[in-house]
Amino acid sequence: MSIEPIQYPKMIKELRDNFDRGLTRSLGWRRAQLDALERMLRENEKRIAEALAADLAKPDQEVYLGELSLLFSEIRHARRQLRRWTRPRRVHTPLVGQPGRSWVQPEPLGVVLILGAWNYPVQLVLSPLIPALAAGNCAVIKPSEIASATSALMAELIPGYLDKAAVRVVEGAVEETTELLKQRFDHVFYTGGAHVGRIVMRAAAEHLTPVTLELGGKSPCVIDEGADLASAARRLTWGKCLNAGQTCIAPDYVLVTRDQRDALVSAISDELDDMYGKDRLKSSDYAKIINRRHFDRLLGYLKDGEITIGGRSDEESCRIEPTVLTGVDADSDIMREEIFGPLLPIIEVDSLEEAIAFVRQRDKPLAAYLFTRSRVSERLFVESISTGNVCINDVLMFMSVPELPFGGVGMSGMGQYHGKAGFDRFSHLKAVMKRSRFPEIPIRFPPYTDLKMRLLRWVG
Ligand code: NAD
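Residues numbered from 1 in each chain as written. Predicted model: local features only at pLDDT ≥ 70, side-chain atom pairs only at ≥ 80, totals over all residues. Heavy atoms only, no water.

1. Regarding the site of the ligand
- With respect to spatial proximity, 25 residues lie near the ligand, and among them Lys142, Ser144, Glu145, Leu215 and Glu338 are the closest.
- A distance of 2.8 Å separates an oxygen atom of the ligand from a polar atom in the backbone of Gly116.
- Within the contact set of the ligand, a nitrogen atom lies 2.7 Å away from a backbone nitrogen or oxygen of Leu215.
- Protein burial of the ligand: of its 840 Å² of free accessible surface, 90% is covered by the chains.
- Looking at the shell around the ligand, the elements with two or more residues in it are helix 7 (174-182), strand 6 (187-191) and helix 8 (194-206).
- Of the residues belonging to the shell around the ligand, the class tally is 13 nonpolar, 8 polar and 4 charged.
- Counting contributing residues per domain, the shell around the ligand is built from domain 1 (5-215 + 409-432) and domain 2 (220-400), each supplying no fewer than three. (Near = heavy atom within 4 Å. Polar contact = N/O pair within 3.5 Å; in protein donor to acceptor, adjacent residues only side chain to side chain. Areas by Shrake-Rupley, 256 points an atom, 1.4 Å probe, with all protein chains shown as cover. Helix = DSSP H or I, 4+ residues; strand = E, 2+ residues; numbered from the N terminus. Nonpolar A, V, L, I, M, F, W, Y, C, P; charged D, E, K, R; others polar. Domains from an automatic or database assignment.)

Here it is as structure tokens:
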């Protein structure tokens, strides 16, 4: 039964009371929740795939690759590292603090709110839930209403597996989220677009609640002079077409040196034939666009360039062919907004330096990709571009490394998670110092003298 807005204050009070009486503190409880979450995913793989097929026509392999396998790996990693992460972390105590010991002691925050987006509707609510539970918090989860079948399934499954005294699922859209955001949480973790990100941050400011904003942006993909075009085309095409381009870290557009452009376009065309055949709109390996609004929004971008590959669409099944656009103006709509669909503008540049300047003139992206054979180019790219994540010679794959923090910078978001970064995100890193009672070195106490001052300068 869904939880109504009128019940939110009571629900949060119950969670807070349970947190305060220490329900979530023991490592045993935390491990049991992680185990239960894994069991939930394994026992319901088929139902999850069905819900994602209903919402996005997500192919089973993409369900595994883009949602489940990432969660399994995060759960495994958290379970293995839990003891190490929760342990006090010793730090050096300088002479002025001697004799004494200092350490950082992670403690859970309390009751956190997790707001998910629709494009990876399982992964985006559960990936933050894993570190939230590992760090010993209670959580309220609000999946995106736009992926409605998956939202309903999460609301049904989670109470059957996780401790209801600590984890609750709320379903709903703007009205419900607005009401939820009026409540006081100890952290709000939001994934979605920047517009709502601002609303979330404003609401959180009322309670001085810290926020994590996992936003999007235009992630560039740069093809360096002399890059392995066949490999670049294959990986880039896969990354753009996965979930029909509705991936926050999908390569948004390509910057390629002029003389390589035609070869790249032709290699992408070959890859599309290999991956999806000639009738790509009918391929069962290709997801649909989430809804009519996004379908129309994406078709609106087709005017912004010359359609070099694809361009067809099917309104009934809400599918748009993987489409490559050339001759795109850098100031057109498609280059101003995040595309979030299977359209790929290819823009020509003269050099890697020009490509880097192009990226730097725009908002900081969530991810940046470079295909190159040159170590010099690689270093220049990594050092010159401020972005959430970088991947050299591939796209998206950094997501498979739990020890790499994930999150944006500037307009692509604030705060990182995954692995230890996630655990720390949902913890307060409490600073503790313990002084020895003896000996008492009196140099800091009045009456102040020249000798004490000299000693102070020497130790401090
Ligand atoms: P969405 O429409 O599902 O919205 C996200 C959440 O915000 C939902 O839970 C929704 O209910 C809530 N919401 C919507 N309107 C609201 C309002 N007025 N007040 C309060 N809450 C509201 O998702 P979206 O915004 O379409 O998501 C797409 C964006 O998310 C893209 O920019 C994409 O790049 C980004 N994204 C980022 C990541 C990441 O990990 N950084 C992952 C996925 C998507």
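2. Here we look at the packing of helix 13 (residues 352-360) against helix 14 (residues 375-384)
- As a packed pair, helix 13 and helix 14 sit with axes 11 Å apart at the nearest point and diverge in direction by 15°. The orientation of helix 13 relative to helix 14 falls into the category roughly parallel. Like other packed secondary-structure pairs, helix 13 and helix 14 cross with a definite hand, here right-handed. Note on element contacts: helix 14 touches helix 13 through Ser377, Leu380, Phe381 and Ser384, opposite Leu352, Glu353, Ile356 and Arg360. (Axes fitted to C-alpha atoms, helices over the stretch in contact; angles between N-to-C directions. Parallel < 35°, antiparallel > 145°, perpendicular 65-115°, else oblique. Left-handed = near helix turned anticlockwise from the far one by under 90°. Contact = heavy atoms within 4.5 Å.)

3. Quick look at the domain arrangement of the protein chain
- Taken domain by domain, the protein chain consists of domain 1 (5-215 + 409-432) and domain 2 (220-400).
- Between domain 1 and domain 2, the C-alpha centre-to-centre distance is 30 Å.
- Each partner contributes to the interface: domain 1 provides 21 residues, whereas domain 2 provides 25 residues.
- Together domain 1 and domain 2 conceal approximately 1,900 Å² of surface at their shared face, both sides included; 61% is due to carbon and sulfur atoms.
- By the criterion of area lost to domain 2, the three top residues of domain 1 are Glu62, Trp118 and Val409, representing 26% of everything that side buries.
- Scanning the region where domain 1 abuts domain 2 turns up 0 salt bridges.
- Seen at the junction of domain 1 and domain 2, the total is 8 residue pairs in polar contact (both at pLDDT 80 or more).
- Among the secondary structure elements, those contributing two or more residues to the side of domain 1 that touches domain 2 are helix 3 (45-56) and helix 4 (60-86).
- Classifying every residue of the side of domain 1 that touches domain 2 by side-chain character gives 13 nonpolar, 5 polar and 3 charged. (Buried area = accessible area lost by both parts, 1.4 Å probe. Salt bridge = Lys/Arg side-chain N within 4 Å of Asp/Glu carboxyl O.)

4. Topic: a positive patch on the surface
- A surface patch of like charges, here positive, comprises Arg90, Arg101, Lys434 and Arg437.
- Within the secondary structure, Lys434 sits in strand 18 (residues 427-435).
- Residue class for Lys434 comes out partly exposed when judged on its relative accessible area of 47%. (Patch = residues over 30% accessible without salt bridge, like charges linked within 9 Å, V, L, I, M, F, W, Y side chains within 5 Å. Lys, Arg positive; Asp, Glu negative; His and termini not counted. Charge placed at Lys NZ, Arg CZ, Asp CG, Glu CD. Buried < 20%, exposed > 50% of the residue type's maximum accessible area, 1.4 Å probe, protein only.)

5. What to know about the sheet that holds strand 4 (residues 138-142)
- The 6 strands are arranged 5-4-3-6-7-17 in an open sheet whose pairing can be described as mixed. Looking at the sheet topology across the chains shown, the edges are occupied by strand 5 (167-169) and strand 17 (413-414).
- Of the pairings in the sheet, the one linking strand 6 to strand 7 (residues 211-214) comprises 4 bridges and is parallel in character. Bridge assignment links Tyr190 to a residue of strand 7, and that residue is Leu213.
- The sheet strands contacting helix 1 (residues 8-20) are strand 3 (111-115), strand 4 and strand 5, and the helix crosses strand 4 at an angle near 150°. (Pairing = 2+ DSSP bridges.)

6. Things to note about the pattern of salt bridges
- Scanning the model with the defined rule gives 34 salt bridges in all.
- The partner of Asp186 in a salt bridge is Arg16, and the shortest N-O contact between them spans 2.8 Å. Remark: Arg16 occurs in helix 1 and Asp186 occurs in the loop between helix 7 and strand 6; sequence separation between them is 170 residues. Each member of the pair, Asp186 as well as Arg16, carries the same accessibility label: buried.
- A salt bridge links Arg261 to Glu348, with the nearest nitrogen and oxygen atoms 2.8 Å apart. Within this pair, whereas Arg261 is found in helix 10 (residues 261-276), its partner Glu348 is found in strand 14 (residues 343-349), the two being separated by 87 residues in sequence.
- Ionic contacts of the salt-bridge type, sharing partners, join the residues Arg258, Arg261, Asp262, Glu348 and Asp350 into one network.

7. As for the packing of helix 4 against helix 5 (residues 123-134)
- Here helix 4 crosses helix 5 at 5°, and the two axes come no closer than 10 Å. In terms of axis orientation, helix 4 runs roughly parallel to helix 5. Together, Gly66, Glu67, Leu70, Leu71, Glu74, Ile75, Ala78 and Leu82 of helix 4 and Gln123, Leu126, Ser127, Ile130 and Ala134 of helix 5 make up the contact between the two elements.
- Residue classes in the contact of helix 4 with helix 5 are distributed as 8 nonpolar, 3 polar and 2 charged.

8. Description of the nonpolar core
- Residues Leu41, Leu126, Leu129, Ile223, Ile249 and Ile268 are the most contacted members of the largest nonpolar core, which totals 135 residues.
- The dominant element in this core, judged by the number of residues it contributes, is helix 4, at 9 residues.
- Two domains each donate at least three residues to this core, and these are domain 1 (5-215 + 409-432) and domain 2 (220-400).
- Residue contacts for Leu126: discarding those within four places in its chain leaves Leu37, Met40, Leu41, Leu71, Met154 and Ile158.
- With 5 residues, the next largest nonpolar core counts Trp118, Ala147, Ile290 and Phe340 among its residues. (Core = buried A, V, L, I, M, F, W, Y, C linked by side-chain atoms within 4.5 Å.)

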